[in-house]
Amino acid sequence: MSKTVEMPWVEKYRPKSLGEMALPTARIKGQRVKLDVELKKFITDFFSERTRINKENIKIKKFNRTVIEKEQKDLIQLNTEKAAILLEGPPGIGKTSIVFALANDFNMEVVETNASDTRTKAALERRLNETSKTRGIMDFITQTKEKLILIDEVDGIYGVKDKGAVPSIINLVQKTQFPIIMCANEYKTNLQTIYKKVRRFEVNPLPNSEVLKIIHTILQKEKITLLKKEDLDLLIEKNNGDLRGIINDIQGISQGNVEGDVKELIQSLHRDSIEEIFSLIRDLFFVTSLREARNLTDKSDVDYNFLYKWVNENLPTFIKTNKELVDAFENLSLADEIFGRIRINQYWGLLPYFFDLFAGGVALSRNNKHESKGYRRVVFPRYSVGGRFSLTQPQKELIEKINKKYEISQIDFIQNFLPFLKLLSGSSRKQLKNLSDWLDLDAKAKKLLK
């Protein structure tokens, strides 16, 4: 049976209601407003107006069936300011969480699409048409939830193949049967048409004091004591108020193999570094071709040597069988040999082969392509401070036992000896017993080898 893995903390601690949130300040045309009051009014006004207009349009349709075409009346359209709003503010400040909390308060279902990921006008229009005009048949039968449509990253649609996306959004806003909330990270002059049609809320990041309260609550619930006040202040500064990034960083650090002072590690992080690397590692082990692996690494801004360490550390999470692990470590070994030649001889033309072996070669060693992705815990590579690896206490005890037989460095232990012992002990219970007897291992040390 596979081990149950904890969900990302940004999802685990996403507020269920606006009342649970520390809401950021917001302004409309420079005037400060209460965001929760405005959002709740937007929802109630939408459904009230929808009911009124739909009743009027039923009468108009009935009238139009009795007269000639020239005398027919146009159907009434919903005022765009009452149909949709735009939340604009930096990434990670809680815009999406606000939308989901609002939906929960009204017992609504969120239907989400990302405008920047929808590469053409036709694709965006097709996606929104599926949700903005009609209800499913089961909605009428069971009288279940209304929908709240979330269009995220509307500021990212320019640069897509078809520049007709903005008029398509406006057209759909006018015809929607469900309220629409759009989110954007920044003001874009190319979105003037949307700004003129819907209300734009300028949402500010939370003050550091509120961010600290949220972080302390999470750390308390997770029983995390590793991070000090100055570490949290540094994380907040490094993330520029990006609460999502801060929570991702804290989860990564707390669940990794980091010990002692973590300031140097925090200094090495950059905005979205943990979120990006977590996603990249998970996606990498589910590619089905070398081309897919290359595309993933090409898109990443993560340092190639740093990425190599992450792949090496997380192999056992995604690759389970001994044969697959042997193939994966063999490819890692060849990649390391190539990188050694690159460093010594400055043969940077070999770098693509290094990428292919440690990323594509390792990922494609995993033959069980049909296993469900799911959520898997990705951990930090063991962090080196001053040239020494940060070892857990059981690892320190194990290396002491090994050193009684013959001397081995910490680096050699982590990079070579421990992976070899895991493979050897995993081949049979007899091998594990032989190793245990030879090294006089206790239960904690034997657990390291499983």
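What counts and what doesn't
Residues numbered from 1 in each chain as written. Predicted model: local features only at pLDDT ≥ 70, side-chain atom pairs only at ≥ 80, totals over all residues. Heavy atoms only, no water. Buried < 20%, exposed > 50% of the residue type's maximum accessible area, 1.4 Å probe, protein only. Helix = DSSP H or I, 4+ residues; strand = E, 2+ residues; numbered from the N terminus. Arc of directions from axis to C-beta. Pairing = 2+ DSSP bridges. Axes fitted to C-alpha atoms, helices over the stretch in contact; angles between N-to-C directions. Contact = heavy atoms within 4.5 Å. Salt bridge = Lys/Arg side-chain N within 4 Å of Asp/Glu carboxyl O. Parallel < 35°, antiparallel > 145°, perpendicular 65-115°, else oblique. Left-handed = near helix turned anticlockwise from the far one by under 90°. pLDDT = per-residue confidence, 0-100. Polar contact = N/O pair within 3.5 Å; in protein donor to acceptor, adjacent residues only side chain to side chain. Phe/Tyr/Trp six-rings, centres within 6.5 Å; stacked < 30°, edge-to-face > 60°. Lys NZ or Arg CZ within 6 Å of the ring centre and 35° of its normal. Core = buried A, V, L, I, M, F, W, Y, C linked by side-chain atoms within 4.5 Å.

Participant: Give a description of helix 20 (residues 429-439) that names residues and reports values.
Facilitator: Residues Leu432, Leu435, Ser436 and Leu439 constitute the buried set of helix 20. Take helix 20 and look down its axis: the buried residues cluster within an arc of 100°, on one side only. Exposed residues on helix 20 whose side chains face more than 90 degrees from its buried face are Lys430, Lys433 and Asp437. One or two steps after helix 20, the chain reaches Asp440, where phi turns positive at roughly 55°.

Participant: I'd like to hear about the sheet that holds strand 1 (residues 26-28), residue by residue, with values.
Facilitator: Read from one edge to the other, the open sheet built from 7 strands follows the order 2-1-7-3-6-5-4, with strand pairing classed as mixed. In the strand order of this sheet, the two ends are held by strand 2 (31-33) and strand 4 (108-114), each with one partner. Each strand axis lies, on average, 30° off the axis of its neighbour in the sheet, ignoring direction. Note: strand 5 (residues 146-152) against strand 6 (residues 180-184), 3 bridges, orientation parallel. The residue of strand 6 that forms the bridge with Ile151 is Met182. Running over the sheet, helix 2 (residues 35-64) touches strand 1, strand 2, strand 3 (84-88), strand 4, strand 5, strand 6 and strand 7 (199-203) and is turned about 160° from strand 3.

Participant: I'd love a proper account of the pattern of salt bridges, names of residues and values included.
Facilitator: Under the criterion given, the structure shown has 10 salt bridges. For Arg200, the salt bridge identified is with Glu88, shortest N-O distance 3.0 Å. Placement of the pair is Arg200 in strand 7 and Glu88 in strand 3, with a sequence separation of 112 residues. One salt bridge connects Asp327 with Lys323, and the closest N-O pair in it is separated by 3.2 Å. Of this pair, Asp327 and Lys323 are both found in helix 16 (residues 322-345), 4 residues apart, which corresponds to roughly one turn of the helix. Here Asp327 falls in the partly exposed class, since its relative accessible area comes to 28%. Using a relative accessible area of 59% as the deciding quantity, one classes Lys323 as exposed.

Participant: Outline the environment of Ile53, supporting the account with residue identities and numerical values.
Facilitator: By secondary structure assignment, the location of Ile53 is in helix 2. For the pair formed by Ile53 and Leu78, sequence separation is 25 residues and the distance between their alpha carbons is 7.2 Å.

Participant: Tell me about the pairing of strand 6, and please be specific about residues and values.
Facilitator: In terms of burial, strand 6 is largely enclosed, as 5 of its 5 residues are buried. Summarising the sheet, strand 3 and strand 6 pair through 5 bridges and their orientation is parallel. Across the sheet, Ala84 pairs through a bridge with Ile180, a residue of strand 6.

Participant: Lay out the packing of helix 2 against helix 4 (residues 95-105) in plain terms, naming residues and giving numbers.
Facilitator: One way to put it is that helix 2 packs onto helix 4 with a least axis distance of 11 Å and a crossing angle of 55°. The angle between helix 2 and helix 4 places the two elements in the oblique class. For helix 2 against helix 4, the interelement crossing comes out right-handed. Contacts between helix 2 and helix 4 involve Leu35, Leu39, Lys40 and Ile43 from the former and Ile98, Leu102 and Asp105 from the latter.

Participant: Could you give an account of the confidence of the model for the chain, with specific residues and numbers?
Facilitator: The predicted model of the chain has a mean per-residue pLDDT of 76, with 73% of residues at 70 or higher. Ranking the elements of the chain by mean pLDDT puts strand 8 (residues 384-385) last with 40 and strand 3 first with 95. The model gives residues 1-5 a pLDDT under 50, and that stretch makes 3 contacts with residues more than four places away or in other chains. Overall, residues 134-142 carries pLDDT values under 50, and its contacts beyond four positions in sequence, including any with other chains, amount to 11 contacts.

Participant: If you had to explain the side chain of Ser97 to someone new, which residues and values would you point to?
Facilitator: Counting through the fold element by element, Ser97 comes out in helix 4. Looking at Ser97, the relative accessible area reads 15%, which means it is buried. Polar side-chain contacts of Ser97 include one of 2.9 Å to the side chain of Arg14. In this structure Ser97 touches Arg14, Pro15 and Met21, once residues within four positions along its chain are discounted.

Participant: Could you give me a rundown of the packing of aromatic side chains, with the residues and numbers involved?
Facilitator: By the definition in use, this model includes 2 aromatic pairs. Ring centres of Phe46 and Phe47 lie 5.3 Å apart, and the angle between their planes is 85°; this geometry places the pair in the edge-to-face category. Its relative accessible area of 16% is what places Phe47 among the buried residues. Pairing Tyr187 with Tyr195 gives two aromatic rings, centres 4.8 Å apart and planes at 20°, and the pair type is stacked. With relative accessibility at 12%, the residue Tyr195 sits in the buried group. Its guanidinium or amino end placed over the ring of Phe63, Lys73 lies 4.7 Å from that ring's centre, counting from NZ or CZ. For Arg200, the ring lying beneath its charged end belongs to Tyr195, and the centroid distance is 4.9 Å.

Participant: Go over the nonpolar core, please, and point to the residues and values.
Facilitator: Ranked by size, the top nonpolar core spans 48 residues in total, and within it Leu87, Leu148, Val154, Ile181, Met182, Ile194 and Phe201 carry the most contacts. The dominant element in this core, judged by the number of residues it contributes, is helix 2, at 7 residues.

Participant: Please provide a residue-by-residue account of helix 4, values included.
Facilitator: The element helix 4 is extensively covered by neighbouring structure, given that 8 of its 11 residues are classed as buried. Along helix 4, the positions that sit buried rather than exposed are Lys95, Thr96, Ser97, Ile98, Val99, Ala101, Leu102 and Ala103. Just beyond helix 4, the residue with positive phi is Asn107, at close to 55°.

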